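Here is what each chain is made of, one letter per residue.
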Amino acid sequence: MTPTDISEKGLESIIVRAMTGRTDLLSPPYVPMETSTPAAGGSGWLLGDPKHYDRTACVDLVQLRGFVMATQEKLVDAFSLHTDGPTRRQFLARLEKEIGKRGVIDVLRKGIDHGPHHLDLFYGTPSLGNDAAAQRFACNRFSVTRQLAYSSDETRRALDLGLFLNGLPIATFELKNSLTKQTVQDAVEQYCRDRDPREPLFAFGRCVVHFAVDDAEVRFCTELSGKASWFLPFNKGYNDGAGNPPNPDGLKTAYLWQQVLTPPGLTNILENYAQIAEEEDRRTGRKKRKQVFPRYHQLDVVRKLLADAGRTGAGKRYLIQHSAGSGKSNSIAWLAHQLIAVKKDGAEAFDSIIVVTDRRILDDQIQATIKQFAQVGSIVGAVKGTSGSKTQELSKFLEAGKKIVISTVQTFPFLLKEIGDTHRGRRFAIIIDEAHSSQGGKSATAMSEALADVAEDPEDLVNDELQRRMDARKMLTNASYFAFTATPKNKTLELFGEPLPAGADGKIPHRPFHGYTMKQAIDEGFILDVLKSFTPVASYYKLVKTVEGDPEFDVRKAQKKLRRYVESHDTAIRLKAEIMVDHFHEQVIAQRKIKGQARAMVVTGGIERAVQYFGAFRDYLTERKSPYQAIVAFSGEHDFGAGKVTESSLNGFPSREIPDRIQEDPFRFLICADKFQTGYDEPLLHTMYVDKGLSGIKAVQTLSRLNRAHKDKKDVFVLDFQNDTDGIVASFADYYRTTVLSEQTDPNKLHDLKAALDAWQVYSQEQVDDLVTRFLAGAERDTLDPILDGCVATYNAHLDEDGQVDFKGKAKAFTRTYDFLASILPYTNAG
């Protein structure tokens, strides 16, 4: 009997067999592959031959020639595809140039022109009942090649798998197997370390995606750039967190090749999701191209929503609870673009799609994304006019046949008046970004009323505002609502969620149609866990006070200010401002958080408080001779002192510039009064000082301003002057359960852990000093490994199983505790 193949090659064989129906090429002589009906097996893929890959042109010549012969036979001779010569080389050079300029996605969608000829390189999904289109689609050649030797140098480096569509490379795979003690992370490191981005195959836009895969997880990258390559998870999620659920029928990651990468599935992604987007830096005006591929939950939610809308048509409500970091903007754009084509009983399910966002900062981003996918610009309209012209603009868009209309909530109420009688009988899909906010009140009510069928019940005609609004809550039958939010209120769940069977108390609970949890976003590294470092000021003082007599810690003026605040109940704004400023300089700036780019937000209880804090910060920063300044943010005009103040009068620049200015020095503090506490995404925010009562959804939304990820952002910190840990943890409980370190951490625990680790004698003090000296001096990696390898050898040779478990657990606890305490306490003992 042959034992199970647990190697990477064994995993490769499992994938290839599922896709093609076999694992090895047919032995010669075999039937030529260039026929009009290629003999695909498995899920519809052909098994390619690595010998057919042209490493210079980055094409599988046999598959390309076979596709052209089956679909555009005259061009085989026109481009001399059978013979290597000047004509074929000119064609391949033209193909390579077009892919380099436009990217393979666009080349597949639109084909290329070469001389007097146009060449289609891909036939998309056929519409229902279109037999000719179905025959063309069947001629596409989806092929997978094992051990693809891609490099032109002598090493002949090879990828585990290469996926091709009509001879053009679409995706690459690096495979690892946990049974051989290698994981998806090793595959990621192999891409970063060994796959030179200067190779033609790895040039920007040449491939759509690069997959790192093992038997438990999938990650992907759209642009290889050495150590800077960013691999994102492409996992289903498990127990509300990262990873994948057990698969009773095979490997945890089998969904990738069995469901996602089937020929129809991949075609759908290439047609409707994958793209090259152009992003412009608002400050510098520089434009950068970025290749986009959907994450698993984005693909899953859009496909499920489209399928359900096709079954039910207009009149249904959907709640999509996707955490910050889920990529809601792209999900909304992909959904809006594809809802246009949804059919119910052979007719279009919706006459128009209306996208509503209550975040002005996202308006441009969503519009730009939708416009990139909606190839015909005439179908998209954005309502942007002044209040007098908005209603006319909307009516004009709808009457002109604009299929997608984009509006902010701030402008939407003005637009609803004109929808009125003219459009009450039409069907709408209304996509609402951040449904918890403005949609809970007057805007949603007015929207429902304006898009409604005229009711036959006389009671519904009663001109009573309250009654009409209550009727509007019924979410009338001519509109489907697609509500996206990270933090739904109970009211939002009732309005948009799916009802479940009534409980024992008779109440009917509701659940979202689809979820991507805060826990999963944190586990996958898209956002940071703000609760980990939430610290009430009393706990902060207690930690500092514990070590005041310890010679290993500095006793600083800040501690005296803390004592005055906590013990004397001196709640003067000036004192609190000094505590905040001192902490920021000593624990954030001095520790070079976010490589010295960290910003702080001060959350205040009202406009008057915000203005007072602004003055206190301004004065104390000047006294400290600090190079930094504060910005204040509030709405409208406010009486203060002898006159009236506004944001712009205090800051010295227009309100619209605040999001850009806070990213630039000298501005490091953003002092807010009910502004920038929802929907504001600034990755440079690291620290938050809270002087406002927070609970429930407001607490989650406010603290979550810190959670946006940045490549240099390793942690965050919250110092709270009003709220306690229990209340904040309870607020987060519905969204993510976690522990708060400030409530359970004794500073002496660090010394206890270090003593226990030292006692195992896995390392010596000399080794620690030598490693730290080399590391801080920027020594080469190969001078550090011998020291670490020596410690590992001692660990393996001298510690039994119990000892190894104990050491590993205490080492993890030490690093976690040190990270937290270092954000509070100034360790000055180098030992």
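Residues numbered from 1 in each chain as written. Predicted model: local features only at pLDDT ≥ 70, side-chain atom pairs only at ≥ 80, totals over all residues. Heavy atoms only, no water.

### Considerations on the sheet that holds strand E25 (residues 534-536)
1) Next: The strand order across the open sheet formed by six strands is E25-E32-E31-E26-E30-E27, and the pairing between neighbours is parallel. With partners counted over all chains shown, the strands left at the sheet margins are E25 and strand E27 (629-633), one partner each. The mean inter-strand angle of the sheet, taken between neighbouring strand axes irrespective of direction, is 20 degrees.
2) Next: In the packing of helix H21 (residues 573-589) onto the sheet, the strands contacted are strand E26 (599-604), strand E30 (667-672), strand E31 (685-691) and strand E32 (717-720), and the crossing angle to E31 comes to about 160 degrees. (Pairing = 2+ DSSP bridges. Helix = DSSP H or I, 4+ residues; strand = E, 2+ residues; numbered from the N terminus. Axes fitted to C-alpha atoms, helices over the stretch in contact; angles between N-to-C directions. Contact = heavy atoms within 4.5 Å.)

### Considering the nonpolar core
1) Next: Counting residues in each nonpolar core, the largest one holds 129 residues, and the members touching the most others are Phe211, Leu256, Leu339 and Phe482.
2) Next: Ranked by residues supplied to this core, first place goes to helix H10 (residues 296-312) with seven residues.
3) Next: Here Phe482 is in contact with Leu305, Ala309, Tyr318, Ile320, Leu335, Leu339, Phe350, Ala429, Ile430, Ile431 and Ile432, once residues within four sequence places are set aside.
4) Next: In this structure, Leu575, Ala598, Tyr620 and Tyr628 belong to the second largest nonpolar core, which totals 40 residues. (Core = buried A, V, L, I, M, F, W, Y, C linked by side-chain atoms within 4.5 Å. Buried < 20%, exposed > 50% of the residue type's maximum accessible area, 1.4 Å probe, protein only.)

### Some words on the packing of helix H2 (residues 61-71) against helix H4 (residues 86-102)
1) Next: Packing of H2 against H4 leaves a shortest axis separation of 14 Å and a crossing angle of 95 degrees. Classified by the angle between their axes, H2 and H4 sit roughly perpendicular to one another. For the pair formed by H2 and H4, the contact residues are Leu61, Leu64 and Arg65 on the first element and Arg88, Phe91, Leu92 and Leu95 on the second. (Parallel < 35°, antiparallel > 145°, perpendicular 65-115°, else oblique.)

### Side note on the pattern of salt bridges
1) Next: Evaluation of the coordinates by the stated rule reveals 40 salt bridges.
2) Next: For Asp712, the salt bridge is made with Lys595, and the minimal N-O distance between the two is 3.7 Å. Linking Asp712 in the loop between helix H25 (696-703) and E32 with Lys595 in the loop between H21 and E26, this pair joins segments that are 117 residues apart in sequence.
3) Next: The partner of Glu657 in a salt bridge is Arg661, and the shortest N-O contact between them spans 3.0 Å.
4) Next: Since its relative accessible area comes to 25%, Glu657 is described here as partly exposed.
5) Next: By relative accessible area, which is 27% here, Arg661 ends up partly exposed.
6) Next: Several salt bridges converge on common partners, so that one network encompasses Arg94, Glu98, Lys101, Arg102, Asp106 and Lys110. (Salt bridge = Lys/Arg side-chain N within 4 Å of Asp/Glu carboxyl O.)

### Side note on the packing of aromatic side chains
1) Next: Under the counting rule described, the total for this entry stands at 28 aromatic pairs.
2) Next: A centroid spacing of 5.7 Å and a plane angle of 45 degrees characterise the contact between Phe67 and Tyr123, whose relative ring orientation is tilted. Taken together, the residues span a long stretch of sequence, with Phe67 in helix H2 and Tyr123 in the loop between strand E5 (117-119) and helix H6 (131-138) at a distance of 56 residues. We note that Phe67, like Tyr123, is buried.
3) Next: Taken together, a centroid distance of 5.3 Å and an interplanar angle of 65 degrees make the contact between Tyr273 and Trp334 edge-to-face. Residue Tyr273 is found in the loop between helix H9 (263-272) and strand E12 (275-280), and its partner Trp334 is found in helix H11 (residues 328-339); the two are separated by 61 residues along the sequence.
4) Next: Grouped by ring-pair contacts, the aromatic residues Phe173, Phe211, Phe220, Phe234, Tyr255, Phe293 and Tyr296 constitute a single cluster.
5) Next: The cationic tip of Arg295 hangs over the ring face of Phe526; the distance from NZ or CZ to the ring centre is 3.4 Å.
6) Next: One residue, Arg661, lies across the ring of Phe653, its end atom 4.3 Å from the ring centre. (Phe/Tyr/Trp six-rings, centres within 6.5 Å; stacked < 30°, edge-to-face > 60°. Lys NZ or Arg CZ within 6 Å of the ring centre and 35° of its normal.)

### A closer look at the pairing of E30
1) Next: In terms of burial, E30 is a largely internal element, six of the six residues being buried.
2) Next: Where E26 lies against E30, four bridges are found, and the strand directions are parallel. Looking at the pairing, Ala600 lines up with Phe669 of E30.
3) Next: Here E27 pairs with E30 via five bridges, running parallel.

### Re unusual backbone geometry
1) Next: Cis geometry marks the peptide bond from Asp665 to Pro666, where omega comes out at 15 degrees.
2) Next: The topology assignment puts Pro666 in the loop between helix H24 (658-661) and E30.
3) Next: Phi is positive for Asp240, which is not a glycine, with a value near 65 degrees.
4) Next: Using a relative accessible area of 53% as the deciding quantity, one classes Asp240 as exposed.
5) Next: Even without glycine at this site, Lys625 takes up a positive phi of about 55 degrees.
6) Next: By the element assignment, Lys625 lies in the loop between helix H22 (607-623) and E27.
7) Next: By relative accessible area, which is 73% here, Lys625 ends up exposed.

### As for H4
1) Next: The terminal C-alpha atoms of H4, which comprises 17 residues, lie 24 Å apart, in line with the 24 Å expected from a rise of 1.5 Å per residue.
2) Next: For H4, the complete set of buried residues consists of Arg88, Phe91, Leu92, Leu95, Glu98 and Ile99. Taken around the axis of H4, the buried residues stretch over an arc of 125 degrees, which confines them to a single face. Across H4 from its buried face, at more than 90 degrees, point the exposed residues Pro86, Gln90, Lys97 and Lys101.
3) Next: Phi turns positive one or two residues past the end of H4, at Gly103, with a value near 90 degrees. (Expected span 1.5 Å × (residues − 1). Arc of directions from axis to C-beta.)

### Considering the environment of Gly48
1) Next: When you line up the elements, Gly48 lands in strand E1 (residues 46-48).
2) Next: Along the primary structure Gly48 and Leu163 are separated by 115 residues, whereas in three dimensions their C-alpha atoms are 8.9 Å apart.
3) Next: Setting aside anything within four residues of it in sequence, one finds Gly48 in contact with Leu25, Gln63, Ser143, Val144 and Thr145.

### Some thoughts on the side chain of Glu174
1) Next: As for its position among the elements, Glu174 is in strand E8 (residues 168-175).
2) Next: When its relative accessible area of 1% is taken as the criterion, Glu174 is described as buried.
3) Next: Each residue touching Glu174, except ones within four places of it in the same chain, is listed here: Ala158, Leu159, Asp160, Ala187, Gln190, Tyr191, Arg195, Phe211, Ala212 and Val213.

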